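# Report on the structure
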Amino acid sequence: MADKTPTPADSAAVAAPASPPAAPERLTSAPGYQVRRLHQAYLAAWVRAVDRTLTGPQFAVLTTVHVYPGSDQSSLASAVALDTSTMADLAQRLEKRGLLERRTTAADGRRKLLYLTPEGERTLAAAEARVRELDERLLDTYGPADRGRLLRELTSLADRWERLGAEG
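Overview of the structure.

Cut-off values and rules
- Residues numbered from 1 in each chain as written.
- Predicted model: local features only at pLDDT ≥ 70, side-chain atom pairs only at ≥ 80, totals over all residues.
- Heavy atoms only, no water.
- Helix = DSSP H or I, 4+ residues; strand = E, 2+ residues; numbered from the N terminus.
- Expected span 1.5 Å × (residues − 1).
- Contact = heavy atoms within 4.5 Å.
- Core = buried A, V, L, I, M, F, W, Y, C linked by side-chain atoms within 4.5 Å.
- Buried < 20%, exposed > 50% of the residue type's maximum accessible area, 1.4 Å probe, protein only.
- Phe/Tyr/Trp six-rings, centres within 6.5 Å; stacked < 30°, edge-to-face > 60°.
- Lys NZ or Arg CZ within 6 Å of the ring centre and 35° of its normal.
- Salt bridge = Lys/Arg side-chain N within 4 Å of Asp/Glu carboxyl O.
- Patch = residues over 30% accessible without salt bridge, like charges linked within 9 Å, V, L, I, M, F, W, Y side chains within 5 Å.
- Areas by Shrake-Rupley, 256 points an atom, 1.4 Å probe, with all protein chains shown as cover.
- Axes fitted to C-alpha atoms, helices over the stretch in contact; angles between N-to-C directions.
- Left-handed = near helix turned anticlockwise from the far one by under 90°.
- Nonpolar A, V, L, I, M, F, W, Y, C, P; charged D, E, K, R; others polar.

Once that is clear, we can look at helix α6 (residues 84-96). Its 13 residues give α6 an end-to-end C-alpha distance of 18 Å, which sits within 8% of 18 Å, the value for a rise of 1.5 Å per residue. Looking at the buried positions of α6, the neighbouring elements they touch are α4 (56-67), α5 (73-79), β1 (100-104) and β2 (112-116). A positive backbone phi angle near 80° is found at G98, which sits one or two residues after α6.

Below is the structure:
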């Protein structure tokens, strides 16, 4: 009967490789995979450079409410690319943090109008500078014309993918 005790040579053969495997080409050639990588990298950069508790979607809501105070929650959801249920949850969390005020309209008790609180204004102003610094770092390898072209391409891609996602 053969001894089944692993030898040092056996252990080396099954040990983890020195470096992780590379993503297969079928992934790296997929646009969705690259978009997900970009999103993950952006989230990590956001947490380090902007804020650990204020998320990108929350920043988008605060920014949009600042520009359009008194707009209804549903309309703003579309402006910041959120579905209405996510927007309702996010607005409620911002309200609990004292950054946003939701007012019910007299004509329709379900309709919520959004306003920044003074603390919301301060939080937005403080985050704004850090967001612009992060944007600059993310695009610092591009000249002004290339930045414009890149943003137009990203916008066009997002618009198209949103349309594709909305198709039945």
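Structure shown, so let's carry the discussion forward.
All right, on to the nonpolar core then. Soluble globular proteins tend to pack their nonpolar side chains together in the buried interior. Among the nonpolar cores identified, the biggest contains 24 residues, and V61, L62, M87 and L100 are the most heavily contacted of them. Mapped by element, the contributors of at least two residues to this core are α3 (31-49), α4, α5, α6, β2 and α7 (118-139). If near-sequence neighbours (up to four positions away) are discounted, L100 is found in contact with L62, V65, A91, L94, E95, L114, Y115, L116 and T117.

Our next topic: the packing of aromatic side chains. This model, assessed by the stated rule, comprises 2 aromatic pairs. Note on Y42 and W46: the rings are 6.0 Å apart at their centroids and 50° apart in plane angle, and the pair reads as tilted. Here the residue Y42 and the residue W46 both occupy positions in helix α3, the gap between them amounting to 4 residues, near one helical turn. With 5.7 Å between their ring centres and 65° between their planes, W46 and F59 make a pair best called edge-to-face. Residue W46 is found in helix α3, and its partner F59 is found in helix α4; the two are separated by 13 residues along the sequence. Of the two residues, W46 and F59, neither departs from the other in class, the shared state being buried. In this structure an aromatic cluster arises from ring pairing among Y42, W46 and F59. Above the plane of the ring of Y115 lies R103, whose end atom (NZ or CZ) is 3.8 Å from the centre.

Glancing now at the pattern of salt bridges. Tallying each qualifying case throughout the model produces 10 salt bridges. Residue R122 pairs with E119 through a salt bridge whose shortest N-O separation is 2.9 Å. With R122 and E119 both in helix α7, this residue pair falls 3 residues apart, about one helical turn. One continuous salt-bridge network, built from bridges that share partners, spans E128, R132 and D135.

So, on to the side chain of Q58. As for its placement among the helices and strands, Q58 is situated in helix α4. Q58 gets classed as buried once you look at its relative accessible area, which sits at 5%.

To continue, consider a nonpolar patch on the surface. A cluster of nonpolar residues, V35, L157, W161 and L164, forms a patch on the protein surface that exposes about 310 Å² of accessible area. Its place among the elements puts V35 in helix α3.

What follows concerns the packing of α4 against α7. The geometry of α4 relative to α7 is characterised by a closest axis approach of 10 Å and an angle of 115° between their N-to-C directions. Of the two possible hands of crossing, α4 and α7 adopt the one that is left-handed. Side by side, α4 and α7 meet where F59, L62, T63 and H66 of the first sit next to E121, L124, A127, E128, V131 and R132 of the second. Broken down by class, the residue content of the contact of α4 with α7 amounts to 5 nonpolar, 2 polar and 3 charged.

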